[in-house]
Amino acid sequence: MTSTPAPTSDRLHVPALTGLRWFAALAVFLHHSAPHEALPGPIARIMGAGSNGVTFFFLLSGFVIALNYFDGAARPTLRGTWNYAVGRLARVYPLYLLVLVVVWVAVDHGSRPLRLVHHLFAVQAWHPSLVIAYGINPPGWSIGVEFFLYACFPLLALALRPIAENTRALVAVAVALVVAVFAAAAVFHLFRYGLPATDPSGAHRWLYRMPATRLGDFALGMVAALLLRRARRSWSPSAARDRMLSPLLTWLPLAATRCCSWPGPPAPATTPATTRCGCCRRCCSSSA
């Protein structure tokens, strides 16, 4: 019996992913490395958009998992789904828990145990308060989002299974996801522009750190993986063609990540600096 989600039988090696991870990590590092206000305009804008690397990592997660586990997830078994869940948890949670406990003891001195509960279960990103979401170990919010995306992967695989071999349908889904992101960003830009990151009704919560919103990034990565697999199956083997195809279909998600960023102007000067935190332009400039 095939376990699910099991790795696909025709795993694809995509060397371009190594370079993409490097650029995304560099973007995040630059974003948090220094204050941007004193830098020249173009440089400040590039560094201010560096947290798009976080968005790209969510998208890359869907790409890699679908590339290796889609076939098994699309035909689920109870044992296989259990193995998938345990495998994902074992891969991420032990280190996450270790860092969380160390920071809680060393920095928070063991205070505020109720806040710790949200982080132990990795559900802090769902909380409306930025103090809870970014408390104790601030980068940990993204791990909570990853856990949610991992849990949704088997369901997304089932939803995409009927069109997994239909290139036009996959492209249509990808376009629909990008349009949906633009539409959501436009709504927040028009009606909730300038709200600080601490405002629970602002774009920072609903477009940036809300796990459900990140399903679009994750699903877009899955679609890109299916398109790559579809292309390689339908084309005759060619080393030269593979060298062109792999970077093309792996850079497409990165381009989509940048296009999905809302190119709004900087946040109003009246927004207190203490309410700002790193977020991408999808926050409709509610934070820098």
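All of these numbers come straight from a predicted model, not from anything done at the bench. (Residues numbered from 1 in each chain as written. Predicted model: local features only at pLDDT ≥ 70, side-chain atom pairs only at ≥ 80, totals over all residues. Heavy atoms only, no water.)

Participant: So what's going on with the nonpolar core? Which residues, and what values?
Facilitator: Counting residues in hydrophobic clusters, the biggest one holds 57 residues, and the most contacted among them are Phe63, Ile65, Phe70, Trp141, Phe153, Leu160 and Met222. Listed by contribution, the elements that provide at least two residues to this core are helix H1 (16–33), helix H3 (52–74), helix H4 (78–106), helix H6 (130–133), helix H7 (140–160), helix H8 (167–191) and helix H10 (215–234). Tallying contributions element by element places H3 first for this core, with 13 residues. (Core = buried A, V, L, I, M, F, W, Y, C linked by side-chain atoms within 4.5 Å. Buried < 20%, exposed > 50% of the residue type's maximum accessible area, 1.4 Å probe, protein only. Helix = DSSP H or I, 4+ residues; strand = E, 2+ residues; numbered from the N terminus.)

Participant: Outline unusual backbone geometry, listing residues and values.
Facilitator: We note that Ala122 has phi near 55°; this positive angle belongs to a residue other than glycine. Assignment of secondary structure puts Ala122 in the loop between helix H5 (113–120) and H6. Of note in the backbone geometry, Ile136 takes a positive phi value of approximately 60° without being a glycine. One can find Ile136 in the loop between H6 and H7.

Participant: I'd like a description of the packing of H7 against H10, backed by residues and values.
Facilitator: Viewed as axis vectors pointing N to C, H7 and H10 meet at an angle of 50°, and their least axial separation amounts to 10 Å. The angle between H7 and H10 falls in the class oblique. For the pair H7 and H10, the crossing hand works out as right-handed. Residues Phe148, Leu149, Cys152, Phe153, Leu156, Ala157 and Leu160 of H7 form the contact with H10, whose participating residues are Leu215, Phe218, Met222, Val223 and Leu226. Within the contact of H7 with H10, the residues separate by chemical class into 12 nonpolar, no polar and no charged. (Axes fitted to C-alpha atoms, helices over the stretch in contact; angles between N-to-C directions. Parallel < 35°, antiparallel > 145°, perpendicular 65-115°, else oblique. Left-handed = near helix turned anticlockwise from the far one by under 90°. Contact = heavy atoms within 4.5 Å. Nonpolar A, V, L, I, M, F, W, Y, C, P; charged D, E, K, R; others polar.)

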